Amino acid sequence: MTNRQALVIGGNVSTVKSHNLRAVLLMLRQHEPTSRTRLAELSGLSTTTITNLTAELLEQGIVAEDGPVMAQRRGVGRPRTLLRLVPNARYAVGIHIGVGQIRIILTDLHANLLNPVSLAHPLEKPPEQVLRDTAALVREAIAQSGINPQAVIGVGIGASGLVNPLTGVNVVAPNLGWRDLPIRDWFTEWLGLPVCVDNNARAMALGEAMFGAGRDVRTLAFVYARIGVGAGIVVDNQLYRGSAAGAGEIGHTTIIPNGGSPCRCGNSGCLETLVSEPAIVRLAEELAAQNPQGLLAEHLQNGSGTSIERVFAAARAGDTATVTMLDERACYLGIALANLVNVLNPDLIVLGGICVQGADLLLPTIEATIHQRAFANLGEQVRVQTASFGPHTGAVGAAALALNTFFYQQPDRFLAVTV
Ligand SMILES: [Zn+2]
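Residues numbered from 1 in each chain as written. Predicted model: local features only at pLDDT ≥ 70, side-chain atom pairs only at ≥ 80, totals over all residues.

Here we look at unusual backbone geometry
In this model, Glu32 is joined to Pro33 through a cis peptide bond whose omega is -5 degrees. Looking at the element boundaries, Pro33 is found in the loop between helix 2 (13-31) and strand 1 (34-35). Of note, the phi angle at Asp180 is positive, near 50 degrees, even though the residue is not glycine. Inspection of the secondary structure puts Asp180 in strand 10 (residues 178-181). Note on Asp180: 9 C-beta atoms within 10 Å, which makes it exposed. (Helix = DSSP H or I, 4+ residues; strand = E, 2+ residues; numbered from the N terminus. Buried ≥ 20, exposed ≤ 12 C-beta atoms within 10 Å, placed from the backbone.)

Here is the structure:
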């Protein structure tokens, strides 16, 4: 008997079946297209159990069979049928709540995007109104997509700041000035769909683990730097949240113990005060004021794009003070990441936000600092890369949250709904 079978032996029949269905769906997601025999090997379940479970998934249209292919084993060809998930069997909604902007997507089971929509929200607008407008856009996106609303398994929301995923409350979002918002209950009421909420960097980490750069690794950290700086951690395909859902608050690790700039969290000298987008733009403005005829001042005044894009453009145009300033920022972030590597020893660090826009300028120093500062050769072993889904990274992560919660982890829930 395998460990997996032993693990579920004391449960009731439906618990055992749910557990086994979860295992099959997870293996299919990671290894599709794959055979029943291989699913049995990977999951530790018997081939009879796999045959029964996949029969149900085939009947529901969740799984499809590819034609028989010849499997070569020890020189003898054996025909076998490969199974795969049917991407458009079910859909999820992903909502990324950023500072000043909300992004909404509908995705299928493979995180292919349908109807991406974005909504700017002025910071002075009351949060309940912002979120009501968001819910209205979600209803519109589902209606316009032409998909069967019954096939939408739920809504995932990646929110800014501290989120309690058990209660669905956005406890505090310092960069938005939001506090104690019952986001899950509001959206459940407004949309009539199951809703799950987590921190947005954490959602992005799950998106990379399920559909992006982290599909083939066991441990990854997603570090998102924009107005705030936060990290999501995935260990063995599961989000690591810590004891009070505060794991990954890398932006509030102290880098400057004395004399650092005040941080929105109430402390000072936090990483966020050194490497966030507003911090970098503020430093650039100071540099430009010191040299009003220089390249940086020229780019900040007459360049195109957002302020941070103008700063990056000045560095690319060869403004040495800007290059040095960005190099220092990359070094601070590299130090924080080296500390993270020493604690977590991840296979992969994925960087999002301004690290994507300024990857050519920031990544070499970030990587060199990790190599230099992490213990022994841990820094050389970790792969560092930028996020997989461009501007949709947050929304794909939020959709991954919904797919994980309402599809992969709770198969009974979607099997009960006929589409
Ligand atoms: Zn702080």
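Let us keep going from here.
Here we look at the packing of helix 5 (residues 127-145) against helix 6 (residues 183-191)
Contact geometry of helix 5 with helix 6 gives a least axis separation of 10 Å together with a crossing angle of 40 degrees. Between helix 5 and helix 6, the angle is such that the two are oblique. As for the relative orientation of helix 5 and helix 6, their crossing is right-handed in sense. Along its contact with helix 5, which presents Leu131, Arg132, Ala135, Val138 and Arg139, the element helix 6 presents Ile183, Trp186, Phe187, Trp190 and Leu191. Counted by class, the contact of helix 5 with helix 6 contains eight nonpolar, no polar and two charged residues. (Axes fitted to C-alpha atoms, helices over the stretch in contact; angles between N-to-C directions. Parallel < 35°, antiparallel > 145°, perpendicular 65-115°, else oblique. Left-handed = near helix turned anticlockwise from the far one by under 90°. Contact = placed C-beta atoms within 7 Å. Nonpolar A, V, L, I, M, F, W, Y, C, P; charged D, E, K, R; others polar.)

Some details on helix 11 (residues 307-316)
Within the span of helix 11, buried status applies to Arg310, Val311, Phe312, Ala314 and Ala315. Structurally, helix 11 contributes buried residues whose contacts are with helix 9 (277-290), helix 10 (295-302), helix 12 (320-344), helix 13 (354-357) and helix 14 (359-373). Two residues or fewer after helix 11 comes Gly318, characterised by a positive phi angle close to 105 degrees.

Some points on the pairing of strand 15 (residues 348-353)
By the criterion of burial, strand 15 is predominantly enclosed, with six of the six residues buried. Direction of pairing for strand 12 (residues 219-225) relative to strand 15: parallel, over a ladder of six bridges. Residue pairing for strand 15: Val223 is matched across the bridge by Leu351. Pairing of strand 15 with strand 16 (residues 383-386), which is carried by four bridges, proceeds in the parallel orientation. When the bridges of strand 16 are listed, Ile349 appears paired with Val384. (Pairing = 2+ DSSP bridges.)

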